[in-house]
Each structure stands twice: as C-alpha cells, then as structure tokens.
Amino acid sequence: MNICLFTSEEIKNPLSTADERGQHLIKVLHKKAGESFSAGVIGGKAGKATIEKIEDGKIFFSFTEETDGKNLFPLKMIIGFPRPIQLKRLLRDMAALGVCEVHLTKTELTEKSYLNSDLATTDAGTKMLLDGTVQAASTHVPELFIHKSLKECLAYIKENSNPEIKLCALDNIEPSVNIGGVEFSTEAGAVAAIGSERGWTTKERQLMKDSGFVLCGMGSRVMRTETAATVAASIILDGMGCLA
C-alpha cells in the first residue's frame, strides 16, 4: 500500500485500527503517534497524514494537502471480457499505468458466464481499479464502463470522445500497421481495443474499421488479453511521452 486513500468524508474522521488501512499502518508500516504516512482523497488531493494518537481502537490523524495527485492519461482501453482471474490483474495494471477509462465489453467470442461474475455485476471491478491506484501512489481512479456489445461500446466512445482521438484495435490476424509506428499525442488522446481470449471475429474487425479504428499489430506472438492490454497501453503511453 503505497498510499492510503480515503473518501472526502473519511479523511475528516479517525480511522479504525480494524480497517484494512489501519491494519497496514500499524502491523506492516509500524506507524506510531507523531509519525506520518502518504495519504490522499479519492479523486482529489494527495499529501501527508500525521498520526496524532492511537487509542480506543482508532487512529486519529491530521491531513495536509500537498499536490493535486497524479493525473490520469488520455488513454481509453476497450477490453473484451477475459476470465475473471485475468480481469482482476488487468484492472489493477490499467489503473497503475494511469489510463483514464476502462471499457469492458461483451464480444462475439466472450464466454457468457464471465458477464455474471462479481467483477461485472458488483463494485468489485472498481475495487480492483482502486487497488491499482494505490499501487501507483495516486489518487485518481480510472472510470469503469461495462457494455453489452462491441457495437454499443463503440457508439459510446464515439459520442464521448475528442473527434481527433486516435483509434487503434490490436489484432494479430489482419494488422495494417505495427502499433509502434503509430503517432500518439496527449492532445488528441487514444483508444486501444483489445479482444477477449479468442480475439476478434471478422464481423468485429469490419465494425471497428467502419468506426475509424486502425488494426494494429504487436508482432506475431499470441498474448493473453491481460498481457496484450498492458503491453499496448505501455507502448501508447510511451508514444505520448507519458512515461518519460
């Protein structure tokens, strides 16, 4: 836990020693009265919290704002639903990298049972994004969207994105260009679409091309959805200059 995150209400009140964050401060970091730790408000300021006292099962602390937190980058990820165990890691990694939005979508080759997992039907997915944000010592959490179809997802992206945004769909069957050769910028932003475990269908490739997406390759090796998403996001963010 590289930062303790709180809601805007939680930051004003003592933290229970039984809370996961309280347990981490006391048992892992061995924090005592008078000592400080990195803290922040979810979606807001980051800074230092100083422990004033620990008593009656509560950690009393004061919070001093220092920065606006680490801004998210203008990269939106479209990801075909992978199996839940992969999705947990994927969401953490996307948040750690600092993408601004994650769009999970059903594709023609998505296993239908994945859509009934806790990650799709509860706030468990948002919790994974929060975990990745903590890993990155950030306060800003990517937005999570769940779509019933790729067509619905692409329509939402078109309606809610900069008209100049760069649209890329990762595909190792019919790529027209290597993603490393595509120019990216923070001014325009980018969308990267990653298929589910069995990739895109011919119909989906055509749908994305009709929607303005360029089919991009990353070599001939077949990757897991989570690996492809992490690699693609890293290449794009580096192209934007965000990893300098």
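Quick note: structure is the one above.
Because the structure is predicted, anything quoted here is derived from the model rather than measured.

Q: Would you take a moment to explain the sheet that holds strand E5 (residues 58-67) for this structure?
A: Where strands meet in a sheet, backbone hydrogen bonds hold them as pairs that are either parallel or antiparallel. Ordered by their spatial adjacency, five strands build an open sheet running E1-E3-E4-E5-E2, and the pairing between neighbours is mixed. Two strands bound the open sheet, and with one partner strand each, they are strand E1 (4-6) and strand E2 (15-16). Judged from the five bridges that link them, strand E3 (residues 36-41) and strand E4 (residues 46-55) form a sheet pairing that is antiparallel. Bridged to serine 36 within E4 is threonine 50.

Q: Can you help me understand the pattern of salt bridges in this one?
A: Side chains that differ in charge, positive against negative, can pair when their charged atoms come close. Summed over the entire model, instances satisfying the criterion amount to 12 salt bridges. The partner of aspartate 131 in a salt bridge is arginine 92, and the shortest N-O contact between them spans 3.9 Å. Note that aspartate 131 is positioned in helix H4 (residues 124-135) and arginine 92 in helix H2 (residues 84-97), a separation of 39 residues in sequence. Given the relative accessible area of 24%, aspartate 131 is considered partly exposed. Residue class for arginine 92 comes out partly exposed when judged on its relative accessible area of 32%. When salt bridges with common partners are traced through the structure, they connect Glu10, Asp19 and Arg21 into a single cluster.

Q: Looking at this model, I keep getting lost on the sheet that holds strand E7 (residues 99-105). Mind explaining?
A: Taken in spatial order, the seven strands line up as E8-E7-E6-E11-E9-E12-E10 in an open sheet, and their pairing is parallel. Each edge of the open sheet carries a strand with a single partner, namely strand E8 (143-147) and strand E10 (177-178). Those strands touched by H2 are strand E6 (73-80), E7 and E8, and its axis lies near 155 degrees from that of E7.

Q: What's the story with the side chain of threonine 107 in this structure? I'm lost.
A: Looking at the secondary structure, you find threonine 107 in the loop between E7 and helix H3 (118-121). Given the relative accessible area of 2%, threonine 107 is considered buried. Within the structure, threonine 107 has its side chain in polar contact with the side chain of serine 196 (distance 3.0 Å). Setting aside residues no more than four positions away along its own chain, threonine 107 makes contact with Gly80, Ser196, Trp200 and Glu204.

Q: Just to check I follow, could you spell out the layout of surface pockets for this structure?
A: Over the atoms a probe the size of a water molecule is rolled, and this reveals where empty space is left. Of the voids in this model, the largest pocket is the one considered here, and its volume is about 440 Å³. In terms of lining residues, the largest pocket is bounded by 24 residues, among which Asn172, Gly199, Val222, Met223 and Ala228 are the most central. Taken together, the elements giving at least two residues each to the lining of the largest pocket come down to strand E12 (214-217) and helix H7 (225-240).

Q: Would you mind showing me how to read the nonpolar core here?
A: Generally speaking, nonpolar side chains in soluble globular proteins are found buried as a group. Membership of the largest hydrophobic core comes to 36 residues, with the highest contact counts inside it found for Leu75, Met77, Ile79 and Met94. Examining the composition of this core, we find that seven residues originate from one element, H7, more than from any other. Sequence-distant contacts of methionine 77, that is, excluding residues within four places in its chain, are made with Met94, Val99, Glu101, Val102, His103, Ala192, Ile194, Ala229 and Ala233. By size, the runner-up hydrophobic cluster in this structure holds 14 residues, among which are Ile78, Leu167, Trp200 and Phe213.

Conventions and cut-offs
- Residues numbered from 1 in each chain as written.
- Predicted model: local features only at pLDDT ≥ 70, side-chain atom pairs only at ≥ 80, totals over all residues.
- Heavy atoms only, no water.
- Pairing = 2+ DSSP bridges.
- Helix = DSSP H or I, 4+ residues; strand = E, 2+ residues; numbered from the N terminus.
- Salt bridge = Lys/Arg side-chain N within 4 Å of Asp/Glu carboxyl O.
- Buried < 20%, exposed > 50% of the residue type's maximum accessible area, 1.4 Å probe, protein only.
- Contact = heavy atoms within 4.5 Å.
- Axes fitted to C-alpha atoms, helices over the stretch in contact; angles between N-to-C directions.
- Polar contact = N/O pair within 3.5 Å; in protein donor to acceptor, adjacent residues only side chain to side chain.
- 1 Å grid on protein atoms, 1.4 Å probe; cavity = no way out; pocket = protein on both sides within 12 Å on 5 of 7 lines; lining within 4 Å.
- Points joined across faces, edges and corners; volume = space filled by probe spheres on them.
- Core = buried A, V, L, I, M, F, W, Y, C linked by side-chain atoms within 4.5 Å.

Bear in mind that shape data such as this cannot, by itself, settle questions of function.
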